[in-house]
Each structure stands twice: as structure tokens, then as C-alpha cells.
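Structural characterization, general
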Amino acid sequence: MTPERFRTVVSAVLIVGVAVSAALIGAGFVAALATGWQGSLLGTTSATTAATTDFSNLPARLVSLEPAAIAQLGLLTLLATPVTRVAASVLGFALEGDRLYSAITLAVLLILLTSIFVLR
Amino acid sequence: MTPQADLGIFAISVAAGLIGALAGVGGGILVIPALTIGFGVDFRLAVGASIVSVIATSSGAAAAYVRDRMTDMRVGMFLELATTTGAVSGALLAAVIAPAFLYVLLGVVLLGSAGMQVARMGEETPPKEPPSPLASRLRLESSYPDRKLGREVPYSARRIPLGFVLMWIAGVVSGLLGIGSGVLKVLAMDAAMRLPIKVSSATSNFMIGVTAAASAGIYLGRGDVDPQVAAPVALGVLVGALLGARLLHHVSNRTVRLVFVPVLVAVGIETIGRGVGFGI
């Protein structure tokens, strides 16, 4: 992989992450303004009128098309974007034949995943 | 939130993203006081929204900076090794260290470095020095296209061990205090490693998203990220960051420093304020 191609790929990962999260956050936010923050787009009262800061019951609330849940999915996509970028860079440096930087980036990815999932 | 408040938060977030993209920082310095003082948002939720703002600034601006060769990805990845290790150490240290003293210490260091920045205000590119063998071995040398100067500007990292240690400290500080990680990164690259200020800013932007993502899980788990606050912040910051990343090409290095120094002073004052008991 040429350095130019590598840059294009990393840049594309960031652009896609930003675009998808902005679309979800925007759609969820506008819908929430229209229907109220605790409602559902399906017209039914959401089973979970829990606080919008709770991310644990997200799948169920997404199924009932709760606007706040759509915005939350967008926020999660945004938070996952830098991690995806690091993962893509491990591969990019490897394909570029740069073993030193592939190893450095892999170490960063492992530390990052540890701090997200283990330390809390 | 009323629609007027949502619009107000959006507008301030655009400004935060714009300044953040130019100065290489996350914009929390603008977002947190605006939310708490301006819109009466709970401090905890304002900090949660500022984590989102850091990641939005970073991803939005870095998408352009990586493509345009403003971000040095090797410098960024090498130093992320230091910041992520530091962030983990900071999170572990948080249980045993009283942060008040650290806030004040960090604030004093930042205000001191603001003085040094002013002294370097006229400098367009770092002075030429003999190449460092470590920089060539680690491939921490490259060049960036400066459209304002109209030429390719070569650079080579200096004092790499010092830069690495400062980045580790930047990681500890962000893991421990959750503030100042962007300004410390720019300072480590600009003042210690003598990289051009535009490269320092663009590479810091590239890195701060990773530092923030490392601690995002903690904020989500604690219920500090409320989409009613974080959604308008994220959208505004993304717009601002995309604008800022375009603007960087058209301004001089001196202008980048002119944006960075007030941010540095503001973070310094806010940090000392938190140390002596004001949380804004």
C-alpha cells in the first residue's frame, strides 16, 4: 500500500464514521424535538421511558424507534470512530511493510480496548 | 431544552469546533462553561458532552488533515503509545492522588508555557537544526505542504524522549483530570519536539479522539452522556471542525499560534479554578 493510499483509507474511515454518526444524531435529534424526548416514532409509549443517559437497553429502544435511542446510536458510532481508525492503521502500516509502526499501532489498539472495556 | 437553547448550544459548538480544529484542542474549554453557565446544564452532563465534542472535533478535522498531509501519522501513532499508557496510569492513580494540587500545578505550567508561546509568536517555521539519529530511525521526519507560504516545509522531530515523556504526562493528566489533553499535546510537539505549529495542531487533533475514546466508556457507564445535550454539541462541533480544517490552509503559522495562546491561557485559568474549588 502506498502512503497516499494509506492516507486516503484512514481519512475515509474518519469521514464515514463522522457522516454516519451525524446522520443518526441529526435524525434522532430532530425526531425527538418533534415527538418529545421520551416518545416513540411508532406512536406507542416506549416500554423504557428510562433516562436518555442509559445506554444499556439501547437495542430494545431502537426496535421501538425511540428518537433518543437513534441519537444515542449516533453518539456510539462517533465514539467508535477513533477506535476504528486505529484498527485500520494497524492494517495500513502492515500493508505498507512497516513492521515497527504496525506493532506500535497494535499496542495502542490493545491499550485502548483494555481501557474502554476493562477499566471502568 | 427549548429550541432556542438547542440553537444556542449548536452555535457555540460550531465556534468550539472551529477553534478546536485550528488550535489542535477538543473545545471542551468553550463547551463546558457555555453549557453550565449559559444554559444551566449540570456540570457532570457538560463534561460528558465535552468528551463527545473532543471526539467530534478530532474525527471531523483529522479526516481532512490526514488526507492533506497536515497530520503526521507516524508521529501521532508513536506518541499515542505514550498518551494511552499515560491515560491508563492516570485512571489507576485517580484513586490514590488528590487532584486539587495537580490542577493547580498543571494550570501554572500552562500559563508559563503561554509566555514561551508569546516569545515565539513571529516564528513561521522551526529553526533548522542538525537531524536527530533517533528521528530517522523512528521515521519521525517528513514535510507538509504549507499553502500560505506556498512551499513544502520539511521537518524532523527533536528531543524525542522528552516529547514522549511529556505525552505520557498529557495522558496521565487527561486520565486523572479529564482536561488539558489537547493543549499539552500541542505543547509537547511544538515546544519540545520542535515540529511546525500546523503539524503539531493537526497531529494533536488526530490524537485527542483516541485519548477521549479511551475514557468514553467510563462516562457512558456513569450516565454522563445525555443526547439532549450531547446531540446539538456533536452536530455543531462537527460543522465547526470541518470549517476549521479548511481554514488552516489559508492562515499563517503565526495566526495558528494567535488562536492557540488564548486557549492555553483559558485552560490554564480554568484548571487552577478547578484546583481551588470552582467547577465551571
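Each remark here, short or long, concerns the structure printed above.
These remarks concern the structure in this document.

Looking at the overall build of chain A
Of the regular secondary structure elements, chain A holds 4 helices and 0 strands. Reading the helices (α) and strands (β) of chain A from amino to carboxyl end gives α-α-α-α. The buried share of chain A, reckoned over its 120 residues, is 40%. Of the contacts made within chain A by residues no fewer than 6 positions apart, 58% connect residues no fewer than 24 positions apart.

Some remarks on the interface of chain B and chain A
Opposite the 43 residues of chain B that make contact, chain A presents 43 residues. For the side of chain B that touches chain A, the secondary-structure elements that each account for two or more residues are α3 (43-67), α4 (73-93), α9 (197-221) and α10 (227-247) of chain B. It is α4(B) that provides the largest number of residues to the side of chain B that touches chain A, a total of 11 residues. Of the residues belonging to the side of chain B that touches chain A, the class tally is 28 nonpolar, 10 polar and 5 charged.

As for unusual backbone geometry
Leave glycine aside and you will find that most residues have negative phi; peptide bonds, for their part, are mostly trans. Residues and elements named next belong to chain B. Even without a glycine there, the phi angle at R69 is positive, about 60 degrees. Looking at the element boundaries, R69 is found in the loop between α3 and α4. The residue R194 is not glycine, and still its phi comes out positive at about 55 degrees. With respect to the helices and strands, R194 occurs in the loop between α8 (181-192) and α9. Judged by the 19 C-beta atoms lying within 10 Å of it, R194 falls in the partly exposed class.

Some points on helix α1 (residues 3-35) of chain A
Here α1(A) is 33 residues long and its end C-alpha atoms lie 48 Å apart, about the 48 Å a rise of 1.5 Å per residue gives. A:G36 sits one or two residues past α1(A) and shows a positive phi near 90 degrees.

Looking at the packing of helix α5 (residues 99-119) of chain B against helix α11 (residues 253-275) of chain B
All names here are of chain B. Where α5 contacts α11, the two axes come as close as 7 Å, and the packing angle between them is 160 degrees. It follows from the interaxial angle that α5 and α11 lie roughly antiparallel. As for the relative orientation of α5 and α11, their crossing is left-handed in sense. Each of A100, Y103, V104, L106, G107, L110, L111, S113, A114, Q117 and V118 in α5 lies in contact with α11, whose residues at this interface are R257, F260, V261, L264, V265, V267, G268, I269, T271, I272, R274 and G275. Tallied by class, the residues present in the contact of α5 with α11 amount to 15 nonpolar, 6 polar and 2 charged.

Conventions used here
- Residues numbered from 1 in each chain as written.
- Chains lettered and ligands numbered in written order.
- Predicted model: local features only at pLDDT ≥ 70, side-chain atom pairs only at ≥ 80, totals over all residues.
- Helix = DSSP H or I, 4+ residues; strand = E, 2+ residues; numbered from the N terminus.
- Buried ≥ 20, exposed ≤ 12 C-beta atoms within 10 Å, placed from the backbone.
- Contact = placed C-beta atoms within 7 Å.
- Nonpolar A, V, L, I, M, F, W, Y, C, P; charged D, E, K, R; others polar.
- Expected span 1.5 Å × (residues − 1).
- Axes fitted to C-alpha atoms, helices over the stretch in contact; angles between N-to-C directions.
- Parallel < 35°, antiparallel > 145°, perpendicular 65-115°, else oblique.
- Left-handed = near helix turned anticlockwise from the far one by under 90°.

Shape descriptors only; they carry no functional weight alone.
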